[in-house]
Amino acid sequence: PKLEDVFTDYDLQGQYSPKGLEAVWPVYRDEPQLPTGMGQALFTRFTNLPPTDLATAAPLVAAFSEFLTGEEAFKKYDQMSFRDLCKRMGVSKRLYAE
């Protein structure tokens, strides 16, 4: 066999917990290009979370985008835990736990 016959194409990825399949990530290069964080938020399929909980993640997308803007933003976010960030941004308890 030829070397190129050994490799497969990219495919969906899943995240499992003891409860089963939790989330499915697409091959992002096959999706429309969006800013970092926004593509993950829109194209990732969460199987066990209702839309009301998913909507509470929206402020995190803005925070992650701001985090990448420069040294000052990095320092601001580097001083807090992810848990504190989620509390500050209003992420639902269920979304945080999942």
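In this report, the structure presented in the accompanying data block is examined. (Residues numbered from 1 in each chain as written. Predicted model: local features only at pLDDT ≥ 70, side-chain atom pairs only at ≥ 80, totals over all residues. Heavy atoms only, no water.)

Notes on the overall build of the protein
Helix and strand counts for the protein come out as 7 helices and 3 strands. Counted from the first residue to the last, the protein has its helices and strands arranged as α-β-β-α-β-α-α-α-α-α. Here the protein has a C-alpha radius of gyration of 17 Å; the compact-globule value for 98 residues is 13 Å, and the former is much larger. Evaluated residue by residue, the protein yields a buried proportion of 23% over its 98 residues. (Helix = DSSP H or I, 4+ residues; strand = E, 2+ residues; numbered from the N terminus. Rg over C-alpha atoms; globule rule 2.2 N^0.38 Å. Buried < 20%, exposed > 50% of the residue type's maximum accessible area, 1.4 Å probe, protein only.)

Some details on the side chain of Ser-92
With respect to the helices and strands, Ser-92 occurs in the loop between helix H6 (82-89) and helix H7 (93-97). With a relative accessible area of 14%, Ser-92 lands in the buried category. Of the polar contacts made by the side chain of Ser-92, one reaches the side chain of Asp-53; its length is 2.6 Å. (Polar contact = N/O pair within 3.5 Å; in protein donor to acceptor, adjacent residues only side chain to side chain.)

Considerations on the layout of surface pockets
Gaps between atoms show up when a probe of the same size as a water molecule is rolled over them. Computed from the structure, the largest pocket encloses a volume of approximately 650 Å³. Lining the largest pocket are 24 residues, with Phe-46, Leu-54, Ala-57, Leu-60 and Leu-95 positioned closest to its centre. Elements with a minimum of two residues in the lining of the largest pocket: strand S2 (20-25), helix H2 (38-43), helix H3 (51-55), helix H4 (58-67), H6 and H7. Sort the elements by how many residues they give to the lining of the largest pocket and H4 lands first, with 4 residues. Of the residues belonging to the lining of the largest pocket, the class tally is 17 nonpolar, 5 polar and 2 charged. (1 Å grid on protein atoms, 1.4 Å probe; cavity = no way out; pocket = protein on both sides within 12 Å on 5 of 7 lines; lining within 4 Å. Points joined across faces, edges and corners; volume = space filled by probe spheres on them. Nonpolar A, V, L, I, M, F, W, Y, C, P; charged D, E, K, R; others polar.)

Here's the deal with a nonpolar patch on the surface
Residues Leu-3, Val-6 and Phe-7 make up a contiguous nonpolar surface patch of about 360 Å² in total accessible area. Within the secondary structure, Phe-7 is located in the loop between helix H1 (3-6) and strand S1 (13-17). In this structure Phe-7 comes out as exposed when scored by relative accessible area, which is 60%. (Patch = residues over 30% accessible without salt bridge, like charges linked within 9 Å, V, L, I, M, F, W, Y side chains within 5 Å. Areas by Shrake-Rupley, 256 points an atom, 1.4 Å probe, with all protein chains shown as cover. Salt bridge = Lys/Arg side-chain N within 4 Å of Asp/Glu carboxyl O.)

A look at the sheet that holds strand S3 (residues 45-46)
On the basis of which strands lie adjacent, the open sheet formed by 3 strands has the order S1-S2-S3 and antiparallel pairing. Taken across any chain shown, the strands that pair with only one partner, and hence form the sheet edges, are S1 and S3. Of the strand pairs in this sheet, S2 and S3 are connected by 2 bridges, and their pairing is antiparallel. By the bridge assignment, Val-24 is partnered in S3 with Arg-45. (Pairing = 2+ DSSP bridges.)

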